[in-house]
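Examining the three-dimensional arrangement
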Amino acid sequence: MARRTFPLNTVETFLVTARHLNLTHAAKELCLTQGAVSRKIAALENWFGFPLFERHARGLRLSSQSSALLPDLRSAFEHFLTVADQARAQQTVVRLKAPTCAMRWLIPRLIEVEHQQPELQIALTTTIDHSVNFKTESYDAAIVFGAQLSAGDLLFEEALTPVVSPLRGGTDVENLTFLHPTRDNTDWSLWLEKQGMPPPAMHKNQHFDTMDLAITAAIQGLGVAIADETLVAEDLRTGRLLRPYPSSVKTGASYRLVLRESPDKATALTAFRACLLNRG
């Protein structure tokens, strides 16, 4: 019979039942019904082709075949658990929640974390939610965004500036489509309010759900976006985007790193924090 057909999920059931020699006690330890234990034992017996237990009025007794098999099977199972525990100890998973708008800043730093701390596995969840509640959410760390935040470590403060693709760089701004990172005009309105110049008329507008989408649209030449200067720093450096105006406006909002209090992962979270803050 092919090795791949061996019912691995029945081995623990057999070992626990062999230790108790009682289906009720085995079922309780395994958090299964007695019927489920019986079915797993039957599946393993069917694979081996011989009975594992002899049923008696006062309980179970190992068959002669299973008595001979038990020491090797128990040793192999314990070795499997040891290997699994060692693998888990060598790689710690850090569950990270981050808003999609931060991805341009975050991804290069996660690559650096991977290089500096190969034993860490970062399980990233992206969301349009800008907050985290460690009491109800199972994350180990989160990047949060908002105004008047004080928890955790400051990553960077939001500062808005217009950006446009070099493909549209020679076009007057007022003739471009204005790309908004939210469903309203808040960010553009804030930047225009701070300029000592007549605001351009926004005749054509496109609204997006995230700043990252607005930036991507600007790179592709759809129009002029209002974006955080930190998030577009690499795009400006490589020439994918240009700044038609040199000024930027701080909004009072910031991106911050917050960590769960987790004694089991304290070392991993400290290493992750040091890498993300470039303090490693």
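All figures in this text were calculated on a predicted structure; none of them were measured in a lab.

A word on unusual backbone geometry. Positive phi, close to 50°, is recorded for Leu 21, a residue that is not glycine. Note on Leu 21: relative accessible area 31%, which makes it partly exposed. A positive phi angle is found at Gln 148, which is not glycine, with a value near 60°. By the secondary structure assignment, Gln 148 is in the loop between β5 (141–147) and β6 (153–164).

Turning our eyes to something else, we now look at the nonpolar core. Note on soluble globular proteins: their nonpolar side chains tend to be buried together. In this structure, Trp 105, Leu 106, Ile 143, Leu 155, Tyr 255 and Phe 272 are the most contacted members of the largest nonpolar core, which totals 51 residues. In terms of residues, this core owes the most to one element, helix α9 (residues 266–276), which gives 6 residues. For Phe 272, the residues in contact, after removing those within four places along its chain, are Val 94, Leu 96, Leu 110, Val 113, Leu 120, Ile 122, Ala 141 and Leu 257. Listed in part, the 18 residues of the second largest apolar core include Val 11, Val 16, Ala 18 and Ala 26.

Residue position: Pro 244 is located in the loop between α8 (233–238) and β10 (249–259). Given the relative accessible area of 34%, Pro 244 is considered partly exposed. Along the primary structure Pro 244 and Val 163 are separated by 81 residues, whereas in three dimensions their C-alpha atoms are 6.5 Å apart. Ignoring sequence-local partners within four residues, the contact set of Pro 244 consists of Pro 162, Val 163, Val 164 and Val 173.

Let us look at the packing of helix α1 (residues 11–20) against helix α3 (residues 34–48). Their axes nearest at 9 Å, the elements α1 and α3 cross at an angle of 110°. The pairing of α1 with α3 is recorded here as roughly perpendicular in orientation. Here Thr 13, Phe 14 and Thr 17 of α1 come into contact with α3, specifically with Val 37, Lys 40, Ile 41 and Leu 44. Grouping the amino acids of the contact of α1 with α3 by side-chain chemistry returns 4 nonpolar, 2 polar and 1 charged.

Turning our attention to the side chain of Thr 13. Tracing the backbone through its elements, the reader meets Thr 13 in helix α1. In contact with Thr 13, not counting residues within four places along its chain, are Leu 30, Leu 32, Val 37, Lys 40 and Ile 41.

A few words on a nonpolar patch on the surface. Together, Ile 107, Ile 111 and Leu 124 give the surface a local cluster of nonpolar side chains, amounting to about 220 Å² of exposed area. Its place among the elements puts Ile 107 in helix α5 (residues 103–116). Residue class for Ile 107 comes out partly exposed when judged on its relative accessible area of 38%.

Backbone hydrogen bonds hold the strands of a sheet together, and the pairing may be parallel or antiparallel. One open sheet accounts for 8 strands, arranged β4-β3-β5-β10-β6-β9-β7-β8; its pairing is mixed. In this open sheet, the two edge strands, each paired with only one partner strand, are β4 (120–127) and β8 (205–207). Taken pair by pair, the neighbouring strands of this sheet meet at an average axis angle of 25°, ignoring direction. Across the sheet, helix α6 (residues 186–193) is in contact with β6, β7 (178–180), β9 (224–228) and β10; its angle to β6 comes to roughly 80°. Strands in contact with helix α7 (residues 211–219) are β6, β7 and β9; relative to β9, the strand with the most contacts, it is inclined by about 135°.

Further remarks concern the side chain of Ser 165. Mapped onto the secondary structure, Ser 165 falls in the loop between β6 and β7. Residues contacting Ser 165, with those up to four places away along its chain left out, are Ala 218, Ile 219, Gly 221, Arg 240 and Leu 241.

This paragraph deals with the pairing of strand β3 (residues 92–99). In this sheet, β4 lies alongside β3 in parallel orientation, the contact comprising 8 bridges. Pairing of Lys 97 across the sheet is with Thr 125, part of β4. Of the crossover connections in this fold, the one passing from β3 over α5 to the parallel β4 is right-handed. Here β3 pairs with β5 via 2 bridges, running parallel. Its bridge partner lying in β5, Leu 96 is registered against Ala 141.

It is at 9 Å that the axes of α5 and α9 come closest, and there the two elements cross at 125°. Here α5 is positioned oblique relative to α9, judged by the angle of their axes. For the crossing formed where α5 meets α9, the hand is right-handed. Where α5 abuts α9, its residues Trp 105, Leu 106, Arg 109, Leu 110, Val 113 and Gln 116 lie against Phe 272, Cys 275 and Leu 276.

Summed over the entire model, instances satisfying the criterion amount to 11 aromatic pairs. A centroid spacing of 5.7 Å and a plane angle of 55° characterise the contact between Phe 14 and Phe 53, whose relative ring orientation is tilted. Here Phe 14 is found in helix α1, whereas its partner Phe 53 is found in strand β1 (residues 53–56), with 39 residues between them in sequence. A relative accessible area of 0% places Phe 14 in the buried class. Plain terms: the ring middles of Trp 105 and Phe 156 are 5.5 Å apart, the flat faces sit at 45° to each other, and that makes the pair tilted. Linking Trp 105 in helix α5 with Phe 156 in strand β6, this pair joins segments that are 51 residues apart in sequence. Here Trp 105 matches Phe 156 in class, with each residue buried. Through a chain of ring-to-ring contacts, three or more aromatic side chains come together here, namely Phe 6, Trp 47, Phe 48 and Phe 50.

What counts, and where the lines are drawn
Residues numbered from 1 in each chain as written. Predicted model: local features only at pLDDT ≥ 70, side-chain atom pairs only at ≥ 80, totals over all residues. Heavy atoms only, no water. Buried < 20%, exposed > 50% of the residue type's maximum accessible area, 1.4 Å probe, protein only. Helix = DSSP H or I, 4+ residues; strand = E, 2+ residues; numbered from the N terminus. Core = buried A, V, L, I, M, F, W, Y, C linked by side-chain atoms within 4.5 Å. Contact = heavy atoms within 4.5 Å. Axes fitted to C-alpha atoms, helices over the stretch in contact; angles between N-to-C directions. Parallel < 35°, antiparallel > 145°, perpendicular 65-115°, else oblique. Nonpolar A, V, L, I, M, F, W, Y, C, P; charged D, E, K, R; others polar. Patch = residues over 30% accessible without salt bridge, like charges linked within 9 Å, V, L, I, M, F, W, Y side chains within 5 Å. Areas by Shrake-Rupley, 256 points an atom, 1.4 Å probe, with all protein chains shown as cover. Salt bridge = Lys/Arg side-chain N within 4 Å of Asp/Glu carboxyl O. Pairing = 2+ DSSP bridges. Right-handed = clockwise from strand over helix to strand, strands pointing away. Left-handed = near helix turned anticlockwise from the far one by under 90°. Phe/Tyr/Trp six-rings, centres within 6.5 Å; stacked < 30°, edge-to-face > 60°.

Geometric descriptors of this kind do not, in isolation, establish any biological role.
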